[in-house]
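# Analysis of the macromolecular model
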Amino acid sequence: MTRFARLYDVVRTTWRLGAIGFGLCVCVAAVGWKVSTLQLAERDFLQGQGDSRAIRTKPIAANRGLIFDRNGEPLAVSTPVVSVSVNPSKLADSPDNIRRLANALDLNPEALVTKIQGQRNDPHLLVKRRLSPAEVAPLQAMRIPHVTFEDEYQRFYPQGEVAAHIVGFSNIDNVGQEGIELTYEEHLQGTPGRRQIIQDRRENIIEEIRTIETASDGGNIDLSIDFRLQNLAYKELKAEFTKRRAKSATLVMLDVETGEVLAMANQPSYNPNNKSNISDFGVLRNRAVTDVFEPGSTVKAFTIAAALESGVFEADTIIETSPGWMMVRGHTIQDIHNYGTLNVGKVITKSSNVGTSKIALEIGPEPIRDVLERVGLGQVTGTGFPGERGGLLPSPRRWSAIETATLSYGYGLSVTALQLAQAYSVIADGGIRKPVSLLKLSDDEVAALPRDRVLSASISAQVKEMLETVVDPRRGGSAREARVPFFKVAGKTGTAHVVGERGYEANLHNSLFAGMIPASDPKIVVVIVINEPKGDEHYGGQVAAPVFSRVASGAMRLLNIPPDDLPVSQSILSSGGDE
Amino acid sequence: MVTMTRAKPLAPTETFVRAPARPLNTVLLATLGLLCIGILMMTSASVEIASSATGDAFYYFKRQAIFACIGLCAGGVTLALPLALWRRFSLLFMLGSFVLLIAVLVPGIGKTVNGSTRWIDLGLFDLQPSEPAKLFIVMFLADFLQRNYVEVRENWREFFIPLIIASAASILLQMEPDHGALVILFATTFCLLFLAGAKILRVLSLVVVAGAGFSWIAYNKAHVIARFTSFMDPWAEENVYGDGYQLAQSLIAFGRGEWFGTGLGQSIQKLYFLPEAHTDFVLAIIGEEFGLLGVAIVIGLFCVLVVRAFAIGRMAERKQSLFAAFFAYGLGLLFAGQTLINVGVNIGLLPTKGLTLPFLSYGGASLIMSCVMAAMLIRIQYETESLAAPAADKPSGLRG
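Residues numbered from 1 in each chain as written. Chains lettered and ligands numbered in written order. Predicted model: local features only at pLDDT ≥ 70, side-chain atom pairs only at ≥ 80, totals over all residues. Heavy atoms only, no water.

### Points about the overall build of chain B
Stated precisely, the cut-off is as follows: Helix and strand definitions follow DSSP, with helices as H or I runs of at least four residues and strands as E runs of at least two, each counted in order from the N terminus. Buried means the residue's accessible area, taken with a 1.4 Å probe over protein chains only, is under 20% of the maximum for its type, while exposed means over 50%, and partly exposed covers the values in between. Note on contacts: a residue pair is in contact if any heavy atoms of the two residues lie within 4.5 Å. The accessible surface values rely on the Shrake-Rupley method and a 1.4 Å probe; as for residues, cover is taken only from the protein chains in view.
When helices and strands are tallied, chain B shows 15 helices and three strands. Counting the 400 residues in chain B, one finds 54% classified as buried. Across chain B, the fraction of contacts at a sequence separation of at least 24, relative to all contacts at a separation of at least 6, is 71%. Accessible surface computed for chain B: about 17,200 Å², of which carbon and sulfur atoms make up 69%.

### Here we look at the confidence of the model for chain A
Quick reminder of the rule: For every residue, the predictor reports its confidence as pLDDT, a number between 0 and 100.
Looking at chain A as a whole, its pLDDT mean stands at 87, while 96% of the residues score no less than 70. Contacts of residues 575–579 of chain A to residues separated by more than four positions or lying in other chains number zero contacts, the stretch itself having pLDDT below 50.

### Here's the deal with the interface of chain B and chain A
Using the following cut-off: When two components associate, each loses some accessible surface as probed by a 1.4 Å sphere; the sum of these losses over both components is called the buried area. Only one rule defines a salt bridge in this text: a Lys or Arg side-chain nitrogen within 4 Å of an Asp or Glu carboxyl oxygen. Counting of polar contacts relies on pairs of N or O atoms within 3.5 Å, with two restrictions inside protein: one atom must be capable of donating a hydrogen and the other of accepting it, and residues adjacent in sequence are counted only when both atoms are side-chain atoms.
Counting residues at the interface gives 55 residues for chain B, matched by 42 residues for chain A. Carbon and sulfur atoms make up 69% of the area that chain B and chain A hide from each other, which totals about 4,600 Å². Inspection of the chain B/chain A interface yields one salt bridge. If you look at where chain B meets chain A, you find five residue pairs in polar contact (both at pLDDT 80 or more). Of all the secondary structure elements, the ones that give two or more residues to the side of chain B that touches chain A are α2 (26–54), α7 (149–154), α9 (179–195), α12 (245–257), α13 (282–318) and α14 (322–347) of chain B. With eleven residues, the top contributor of residues to the side of chain B that touches chain A is α13 of chain B.

### Topic: the sheet that holds strand β20 (residues 503–517) of chain A
All names here are of chain A. Just so we agree on the cut-off: Each pair of strands is called paired provided DSSP finds at least two bridges between the two strands. Orientation is described by axes fitted as lines to C-alpha atoms, over the contacting stretch for helices, and by angles from 0 to 180 degrees between their N-to-C directions.
Pairing is antiparallel across the open sheet formed by five strands, whose spatial order is β12-β11-β21-β20-β19. The sheet is open, and its two borders are formed by β12 (261–267) and β19 (490–500), each paired with just one other strand. This sheet shows a mean twist of 10 degrees between the axes of neighbouring strands, independent of strand direction. Pairing of strand β11 (residues 248–255) with strand β21 (residues 524–531), which is carried by eight bridges, proceeds in the antiparallel orientation. Along β21, the bridge assignment pairs Ser-248 with Asn-531.

### Some points on the pairing of strand β1 (residues 110–113) of chain B
All names here are of chain B. Direction of pairing for β1 relative to strand β2 (residues 116–121): antiparallel, over a ladder of four bridges. Each bridged residue has a counterpart across the sheet, and for Gly-110 the counterpart in β2 is Ile-120. Hairpin geometry of β1 and β2 is characterised by an intervening segment of two residues between the two adjacent antiparallel strands and by a positive phi of about 55 degrees at Asn-114.

### Overview of the sheet that holds strand β8 (residues 193–199) of chain A
Hydrogen bonding along the main chain pairs the strands of a sheet, whether they run parallel or antiparallel. Residue and element names in this part refer to chain A. If you trace the three strands from one edge of the open sheet to the other, you get β1-β8-β9, paired in antiparallel fashion. Each edge of the open sheet is held by one strand with a lone partner, namely β1 (55–60) and β9 (205–213). Mean inter-strand twist for the sheet, computed between neighbouring axes without regard to direction, equals 30 degrees. Here six bridges tie β8 to β9, and the two strands are oriented antiparallel to one another. Opposite Arg-195, over in β9, you have Thr-211 as the bridge partner.

### Regarding the confidence of the model for chain B
All names here are of chain B. Per-residue pLDDT for chain B has a mean of 81; in total, 88% of the residues score no lower than 70. Low pLDDT (under 50) marks residues 10–20, which in the prediction has two contacts with non-local residues, meaning those over four places away or in another chain. In the predicted assembly, ipTM is 0.82 and pTM is 0.66.

### Observations regarding the pattern of salt bridges
This model, assessed by the stated rule, comprises 36 salt bridges over all chains. The salt bridge partner of Arg-244 of chain A is Glu-240 of chain A, with a shortest N-O separation of 2.9 Å. Taken together, the residues Arg-244 of chain A and Glu-240 of chain A, both in helix α11 (residues 227–244) and four residues apart, mark about one turn of the helix. A residue is classified by how much of its surface remains accessible, and Glu-240 of chain A, at 2% relative accessible area, is buried. Among the salt bridges present, the one from Asp-143 of chain B reaches Arg-87 of chain B, with a minimum N-O distance of 3.5 Å.

### Quick word on helix α6 (residues 109–118) of chain A
Residues and elements named next belong to chain A. Counted only if it meets this: As used here, the arc belongs to the directions running from the helix axis to the C-beta atoms.
Turning to α6, its buried residues number three or more, namely Leu-112, Val-113 and Ile-116. The buried side chains of α6 occupy one side of the element, clustering within an arc of 105 degrees when seen end-on. Opposite the packed face of α6, turned more than 90 degrees from it, sit the exposed residues Thr-114 and Gly-118. The inward-facing, buried residues of α6 abut β3 (74–86), α4 (88–91), α5 (95–105) and β4 (125–131). Residue Asn-108 occupies the N-cap position of α6, its side-chain oxygen lying 3.2 Å from the main-chain nitrogen of Glu-110.

### A word on the nonpolar core
Using the following cut-off: To define a nonpolar core, start from buried Ala, Val, Leu, Ile, Met, Phe, Trp, Tyr and Cys residues and group those joined through side-chain atoms within 4.5 Å.
Grouped together as the largest cluster of nonpolar side chains are 120 residues, with contacts concentrated most on Leu-135, Phe-327, Phe-359 and Leu-360 of chain B. Filtering out sequence-adjacent residues up to four positions away, Leu-135 of chain B remains in contact with Phe-327, Leu-331, Leu-334, Met-369, Val-372, Met-373 and Met-376 of chain B.

### Here's the deal with a nonpolar patch on the surface
Convention followed: Think of a patch as exposed residues, more than 30% relative accessible area, with no salt bridge, where like charges cluster within 9 Å and nonpolar side chains (Val, Leu, Ile, Met, Phe, Trp, Tyr) cluster within 5 Å.
There is a patch of nonpolar side chains on the surface, built from Trp-259, Phe-260, Leu-293 and Ile-297 of chain B and spanning about 450 Å² of accessible area. Mapped onto the secondary structure, Trp-259 of chain B falls in the loop between α12 and α13.

### Re the packing of aromatic side chains
Put simply, the rule reads: Only rings of Phe, Tyr and Trp enter the pairing, Trp through its six-membered ring, and a pair is recorded when the two centres are within 6.5 Å. The plane angle decides the type: under 30 degrees is stacked, over 60 is edge-to-face, the rest tilted. Charge-over-ring placement is defined geometrically: NZ (Lys) or CZ (Arg) within 6 Å of the ring centre, and within 35 degrees of the ring normal.
Taken as a whole and assessed by the stated rule, the structure comprises 20 aromatic pairs over all chains. For the pair Trp-86 of chain B and Phe-93 of chain B, a centre-to-centre distance of 5.2 Å together with 40 degrees between the ring planes defines the contact as tilted. With centroids separated by 4.9 Å and ring planes inclined at 10 degrees, the aromatic side chains of Phe-93 of chain B and Phe-136 of chain B adopt a geometry described as stacked. Linking Phe-93 of chain B in helix α5 (residues 90–103) with Phe-136 of chain B in helix α6 (residues 130–147), this pair joins segments that are 43 residues apart in sequence. The class for Phe-136 of chain B is buried, based on a relative accessible area of 14%. Among the aromatic residues, those joined into a cluster by ring pairs are Tyr-59, Tyr-60, Phe-67 and Tyr-362 of chain B. Here Arg-16 of chain A stacks its cationic end above the ring of Phe-194 of chain B, 5.1 Å away from the centre of that ring.

Now the structure itself:
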């Protein structure tokens with residue numbers, strides 16, 4: 001008791017307790033100062049540091065513009081898809097998560113582990129693209145760390161191979177590669193937007209903060225194509241292509257009034273939705289504009305037009321073609337038969353090479369070349385279509401007689417099927433030339449079209465009448481296969497030897513037909529080229545003309561165009577009804 | 001009573017009414033407050049990591065709730081045990097905790113996490129022997145100082161015995177390693193010696209020696225050096241994704257909180273950015289979700305706890321119940337040390353250590369021990385209050 005009283009007194013420990021209390025107070029004050037500094041003074045810096053780790057700017061996919069035919073039928077559409085990416089630098093060390101991902105995506109787990117671990121220095125790796133939102137939903141629910149999802153659009157071509165060459169296609173990054181998709185890439189593309197998100201450290205999106213910039217979708221395109229006609233043309237062309245075992249085939253259908261392309265089909269074609277098994281990239285070519293050929297006898301219409309323009313020849317001027325062949329500077333020019341004495345019109349009807357050669361040698365090459373140039377042959381049409389070729393008109397410093405003669409029946413120049421169709425539309429429209437268009441034209445645009453008179457109305461009318469005889473068996477025409485019931489048809493066949501390694505090949509031909517219907521007031525022009533048909537038949541009148549007949553008669557029905565060649569008895573009946 | 005003048009004398013009934021005074025115990029209130037905040041914030045900090053790691057967002061909540069129940073039961077039992085019992089067996093308890101400290105170092109018993117062997121797997125939870133060791137060493141020291149309060153002032157031998165005990169424990173802690181517990185144990189021992197009246201010069205010189213010792217230990221540990229440099233500048237290029245990553249993320253959490261926080265459950269840092277958000281860094285999540293206000297409330301509650309511990313110790317000292325006094329001081333110092341170090345680490349005042357925040361961090365051993373310590377404090381208060389006040393000039397003899 002005394003011991004305590006002597007040695008231990010409360011007062012003596014008071015200052016020691018106070019010292020410790022003071023020390024603790026200093027600590028608490030330091031904590032308070034530091035916390036306030038962090039939460040108030042340094043918050044901008046700290047939040048900036050935090051945001052730089054958590055806030056990310058992500059793109060918003062813009063929908064690529066749609067492509068329609070002239071009636072609103074979709075030819076190229078975009079569907080939303082999801083792409084799955086990973087961050088290999090973070091995911092490489094958790095192979096179990098990679099296997100879960102692989103199983104969810106139906107991939108080989110071990111292969112994916114190897115692949116991701118092989119790229120462990122990369123921050124981004126696309127694992128699988130273009131999954132449907134429904135497919136990817138279970139994977140998103142699994143919330144595997146460092147797996148991210150990007151919304152995209154996938155291009156789909158509902159009409160497949162039928163319109164493949166015109167529409168073209170875009171690649172996996174939605175960039176146009178061919179056709180209209182490439183031509184109008186900027187218009188179709190659209191501008192992606194941007195949005196801000198908060199993501200956790202495993203790159204899962206926690207919250208959408210805001211949209212910085214909304215995506216602006218690409219513009220739509222209405223093509224001049226009428227899908228019903230395109231489908232018909234494609235079907236008939238393919239049937240003939242297959243039947244003739246040809247190398248390739250092309251069909252172009254133009255609207256005479258507006259210059260719009262109503263159908264443009266090629267063989268062989270491809271499925272733009274699945275290009276994986278394409279081995280010959282030639283199938284991608286839109287041969288109607290990219291391939292040039294010698295137009296052969298189809299040019300004779302313009303040779304005759306030049307003859308009539310020259311004033312030296314009239315429609316009934318007599319030309320002697322006996323004995324069915326002639327010699328020009330050591331070269332033989334030959335007809336199929338000896339047609340004897342023909343007038344100018346019959347030269348077209350019978351397609352006499354001797355006849356046109358004599359005309360050409362009479363009027364000289366320049367007037368013919370001039371007409372060919374005026375109707376647009378050998379020049380680019382201005383559609384802007386990728387890979388379009390201009391072809392060539394001959395322009396030697398001095399024309400030899402044989403060059404002059406062969407030009408008159410379609411050798412020595414090269415044209416595309418589209419140019420040939422445009423040239424025939426000049427005859428169909430009474431001598432007026434208009435630009436061709438792959439886009440649908442509005443009424444205003446049609447009214448504002450430049451209409452150049454390149455042939456006189458009377459000459460084009462005369463040539464058209466001569467072309468009618470070609471298809472008329474009663475007048476000895478060479479292309480009776482091109483007839484269309486109840487309609488008058490004007491057109492011209494062509495058969496040209498194909499140029500091989502050693503000059504013209506004796507047994508390889510281009511079979512052509514260029515025609516217009518209804519001949520009394522043409523609405524459409526159709527050009528058909530069958531390249532290198534095999535078998536006994538190779539003349540344009542045998543191979544190409546039947547396609548014209550089937551396509552043109554279907555087109556007349558689809559376009560609701562009244563017949564101009566009803567049998568007499570029916571005309572009497574209908575006029576009788578009026579009385 | 002003597003100095004007070006009253007208008008009318010007290011009625012007998014009024015003295016009766018005053019008898020069950022102070023029905024609300026401040027220590028109990030602060031403890032329960034911290035416990036509730038702790039469970040709420042620990043859950044908020046852990047839901048995301050729990051659901052991705054276990055599939056159950058409330059995995060940690062369920063376990064922590066069970067620990068809290070065990071802790072409350074253990075606290076209730078502790079409350080019922082007289083101090084004399086603890087005192088009688090304090091040596092035994094301390095030796096028992098040394099056995100645990102040694103056991104954790106035996107391969108096969110100790111569980112190693114992140115290079116530190118600090119835990120013994122008990123199935124339901126991991127026991128961290130340093131937790132009971134701190135308590136029972138402090139309890140023994142309180143008894144020792146009470147028995148040798150004269151010798152501690154006069155002799156070197158009694159002055160050194162507490163230091164030898166603390167050093168022995170420190171060597172074992174150093175082997176785990178658990179530097180946080182080591183620092184707390186030494187600091188508490190020094191403070192108790194100081195409070196017991198040891199000569200200032202001796203204490204100061206020992207602080208210098210101990211400081212040098214710690215520096216030497218730290219200097220020989222590459223990872224301690226790395227932690228220290230990253231603590232000095234967590235935003236440096238080489239630190240921000242390396243050793244300073246956790247601290248940088250913790251600081252960002254405070255920066256996001258501002259005055260009143262982003263709201264419960266709105267933390268971004270807990271989304272895997274801040275590792276150990278539900279254990280050692282739960283205060284950072286409080287700072288983010290409830291701002292400066294939330295941090296102030298939590299630190300305020302700890303201040304209440306520590307101030308009350310010192311007040312109870314002071315009261316016991318006045319009543320010459322020295323074991324109770326030193327034990328209360330020791331408990332207060334343990335709470336203060338543990339809290340200050342954890343908070344200091346969270347806000348970047350101290351280099352990163354694996355040390356829990358009492359009542360708030362996830363962890364069975366920490367939570368249960370914190371409850372038991374709070375219950376002991378209440379028991380000290382209860383026993384001390386029931387002692388008769390000694391006359392100022394006639395100190396009563398030592399009891400027991």
